[in-house]
Amino acid sequence: VLLALGSERAQLEGAIKYVTLNLMSSALFLAGVGILYGVAGTLNMADLSVKLADVQPRGVVTTVSMLFLVAFGVKAAVFPLFFWLPASYHTPPVAVSAIFAGVLTKVGVYAILRTFTLIFPGAQDSTTFVLIVVISGLTMVTGVLGAATQSEFRRILSFHSVSQIGYMIMGLGLLSPLALAGSIIFLAHHAIVKPNLFLVSGVVHRYQGSFVLKDLGGLYRTRPWLGVLFLVPALSLAGIPPLSGFFAKYLLVRAGLELGQYTIVAVALGVGLLTLYSMTKIWGEAFWKNAPMREDADVTPPGRAELALMLGPIIGLGALTVLMGVFAQPLFEIALRAGEQLLDPTDYIEAVLGASTPVGDAGGGAP
């Protein structure tokens, strides 16, 4: 419904693509749920963590885990299941794009993190997490390269949403408390930064009547405050200190180095540089260069009251981005505790099933 608001051709096309692919994803998810119930006799997540440890043959559990990975991978827009996102995020009103950017794919990532650290025990001994690391790297690369080829403000941001999903699941693939802490912080960081950038693009559109970069320009000279409001989330997305994105990427890179996963670390760092390139491209085209002469521009700048309503969320989200960087230490301590509990869900299982339940190595907790 939100994607189709406005009933324009591009919006309806984006809505159809989104609905079709996500219905397929939901069908796969329900198939996986049905098989889980068939082999374990329960759908309680804590109970599944205990009972699936004894299910034979193990191939059944692996097959179900892949069904869940594909189903939630569509929701999260990981490689190669991401193509619905850049085809739809730029079509609805800006406020809808901002909501989607902040919430939608994060639900898929959250589901992947929960299921692969709780429901499927012993998966660390298989190639599952190697596959997740490979998928995370490919998601980063394809997303950032797609963004580099775009020349429309919101399409660049849409492809970068794909790229950033790769960082979020990178922590799961590395499977250490530090890496999972990085993923958790990255989830929070991206849920703040990416909606902010979409909202900034909406303000730019109100002033210059277009999202196409070649039709924009001169905003830093006429409205320098808007340039500052863009730079805060843009530099955070690229991982520039001391903003929130830097600390999220730092934790993932450090975890990868500690585990000797140098390839994915190199990919993460390279994608960060290309992200900075895309943000500077937007800056150079929309804010720094001279405004182009356009005869077809039909622009009605917002009034003072309307502008205040538009800037309120942007300023608030920008402030949160800065605060997450300034107060990174307490945020890291909370995220690290969450990462440790994801790897060793014993307390969660006992809280749900009762302390007397034999947990054993349920959840495949790290040593």
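Here the residue numbers are simple positions, counted from 1 along each chain's written sequence. With the structure being a predicted model, the display of local features is reserved for residues of pLDDT at least 70 and the display and counting of side-chain atom pairs for 80 or more, all residues being used for whole-chain, interface and lining totals. Based on all heavy atoms of the structure, the side-chain values leave hydrogens and waters out of the count.

Caption draft 1: A look at the overall build of the protein chain. On a plain count of helices and strands, the protein chain comes out with 14 helices and 0 strands. In sequence order, the protein chain lays out its α and β elements as α-α-α-α-α-α-α-α-α-α-α-α-α-α. Judged by the C-alpha coordinates and their principal axes, the protein chain covers about 70 × 40 × 35 Å. In this scheme, a residue with accessible area under 20% of its type's maximum is buried, one over 50% is exposed, and one in between is partly exposed, where area comes from a 1.4 Å probe on protein chains only. Looking at the protein chain as a whole, 52% of its 367 residues are labelled buried. Helix and strand definitions follow DSSP, with helices as H or I runs of at least four residues and strands as E runs of at least two, each counted in order from the N terminus.

Caption draft 2: Here's a closer look at the packing of aromatic side chains. Only Phe, Tyr and Trp rings take part, Trp by its six-membered ring, and two of them pair if their centres are within 6.5 Å. Stacked means planes under 30 degrees apart, edge-to-face means over 60, and tilted covers everything else. In this structure the tally under the stated criterion is 22 aromatic pairs. With 5.3 Å between their ring centres and 15° between their planes, Trp283 and Phe287 make a pair best called stacked. With Trp283 and Phe287 both in helix 11 (residues 262–288) and 4 residues apart, this pair spans about one turn of that helix. Comparing Trp283 with Phe287, the two get one shared label, buried. By way of ring pairs, the aromatic residues Phe29, Phe68, Phe72, Phe116, Phe120 and Phe129 are connected into one cluster. Distance and angle both matter: a charge sits over a ring if NZ of Lys or CZ of Arg is within 6 Å of the ring centre and within 35 degrees of the ring normal. Its guanidinium or amino end placed over the ring of Trp288, Arg221 lies 5.7 Å from that ring's centre, counting from NZ or CZ.

Caption draft 3: Fine view of the nonpolar core. Among buried residues, the Ala, Val, Leu, Ile, Met, Phe, Trp, Tyr and Cys ones that are joined through side-chain atoms within 4.5 Å form a nonpolar core. Grouped together as the largest cluster of nonpolar side chains are 54 residues, with contacts concentrated most on Leu36, Leu52, Val109, Phe116, Phe120 and Leu172. Any pair of residues with heavy atoms lying within 4.5 Å of one another is described as a contacting pair. Residues contacting Val109, with those up to four places away along its chain left out, are Ala76, Ile165, Met168, Ile169 and Leu187. If you look at the next biggest cluster of nonpolar residues, it comprises 46 residues, including Ala77, Trp84, Phe211 and Met310.

Caption draft 4: Structural view of the packing of helix 10 (residues 244–258) against helix 11. In contact at an axis separation of 8 Å, helix 10 and helix 11 are set at 155° when each is read in the N-to-C sense. By the angle between their axes, helix 10 is roughly antiparallel relative to helix 11. The element helix 10 and its partner helix 11 pack so that their crossing is left-handed. Within the contact between the two elements, helix 10 uses Lys249, Val253, Gly256 and Leu257 and helix 11 uses Tyr262, Val265, Leu269 and Gly272. Amino acids outside the nonpolar list (Ala, Val, Leu, Ile, Met, Phe, Trp, Tyr, Cys, Pro) and the charged list (Asp, Glu, Lys, Arg) are all regarded as polar, and Gly is one of them. Of the residues assigned to the contact of helix 10 with helix 11, the class counts are 5 nonpolar, 2 polar and 1 charged. Angles shown run from 0 to 180 degrees and are taken between the N-to-C directions of axes, each axis being a line fitted to C-alpha atoms and, for helices, limited to the stretch in contact. Roughly parallel refers to an angle under 35 degrees, roughly antiparallel to one over 145, roughly perpendicular to one between 65 and 115, and oblique to any angle outside these ranges. Helix crossings fall into two classes, left-handed where the near helix is turned counterclockwise from the far one by less than a right angle and right-handed where it is turned clockwise.

Caption draft 5: Inspection of unusual backbone geometry at higher detail. Residue Phe79 is joined to Pro80 through a cis peptide bond whose omega torsion reads 0°. Locating Pro80 in the fold gives a position in the loop between helix 3 (58–76) and helix 4 (94–119). Cis geometry marks the peptide bond from Pro241 to Pro242; its omega dihedral reads 5°. Tracing the chain through its elements places Pro242 in the loop between helix 9 (224–238) and helix 10. Phi is positive for Ala77, which is not a glycine, with a value near 65°. On the secondary structure map, Ala77 appears in the loop between helix 3 and helix 4. By relative accessible area, which is 0% here, Ala77 ends up buried.

Caption draft 6: Fine view of the packing of helix 6 (residues 153–174) against helix 10. It is the contact of helix 6 with helix 10, at a shortest axis distance of 10 Å, that shows an interaxial angle of 40°. Between helix 6 and helix 10, the angle is such that the two are oblique. Relative to helix 10, helix 6 is oriented so that their crossing is left-handed. Between helix 6, through Gln164, Tyr167, Met170, Gly171 and Leu174, and helix 10, the contact on the second element is made entirely by Lys249, Leu252, Ala255 and Gly256. Looking at the contact of helix 6 with helix 10, its residues break down into 5 nonpolar, 3 polar and 1 charged.

Caption draft 7: Quick look at the environment of Ala286. Following the sequence through the fold, Ala286 ends up in helix 11. Classification of Ala286 as buried rests on a relative accessible area of 0%. With near-sequence residues (within four places) excluded, Ala286 lies in contact with Leu216, Gly217, Gly218 and Leu219.

Caption draft 8: Spotlight on helix 4. A helix's residues, less one, multiplied by 1.5 Å, set its expected span. Compared with the 38 Å implied by 1.5 Å per residue over 26 residues, the 37 Å span of helix 4 between its first and last C-alpha is a close match. The largest bend in helix 4 comes to about 35°, at Phe100. One axis is fitted to the seven residues ending at the residue and one to the seven starting there. The bend at that residue is the angle between these axes.

Caption draft 9: Broad picture of the environment of Trp84. Assignment of secondary structure puts Trp84 in the loop between helix 3 and helix 4. Exposure remark for Trp84: the relative accessible area of 1% places this residue in the buried category. Sequence separation between Trp84 and Thr20 is 64 residues, and the spatial gap between their C-alpha atoms is 9.3 Å. Residues in contact with Trp84, not counting those within four places in the same chain, are Tyr18, Leu21, Asn22, Val74, Lys75, Ala77, Tyr89, Leu104 and Thr105.

Caption draft 10: Summary view of the side chain of Thr321. Mapped onto the secondary structure, Thr321 falls in helix 12 (residues 304–326). Separated by 2.9 Å, the side chain of Thr321 and the backbone oxygen of Leu317 make a polar contact. Beyond its immediate chain neighbours, meaning those up to four positions away, Thr321 contacts Ile192, Val193, Val232, Ser236, Leu243 and Ser244. Here a polar contact is taken to be a pair of N or O atoms separated by no more than 3.5 Å, where protein atoms must pair a possible hydrogen donor with a possible acceptor and residues adjacent in sequence count only if both atoms sit in side chains.

Caption draft 11: Region of interest: the confidence of the model for the protein chain. Known as pLDDT, the predictor's confidence for each residue is given on a scale from 0 to 100. Residue-level pLDDT values for the protein chain average 87, and 93% of them are 70 or greater. Confidence over residues 360–367 falls short of pLDDT 50; this stretch has 18 contacts with residues more than four positions distant or in other chains.

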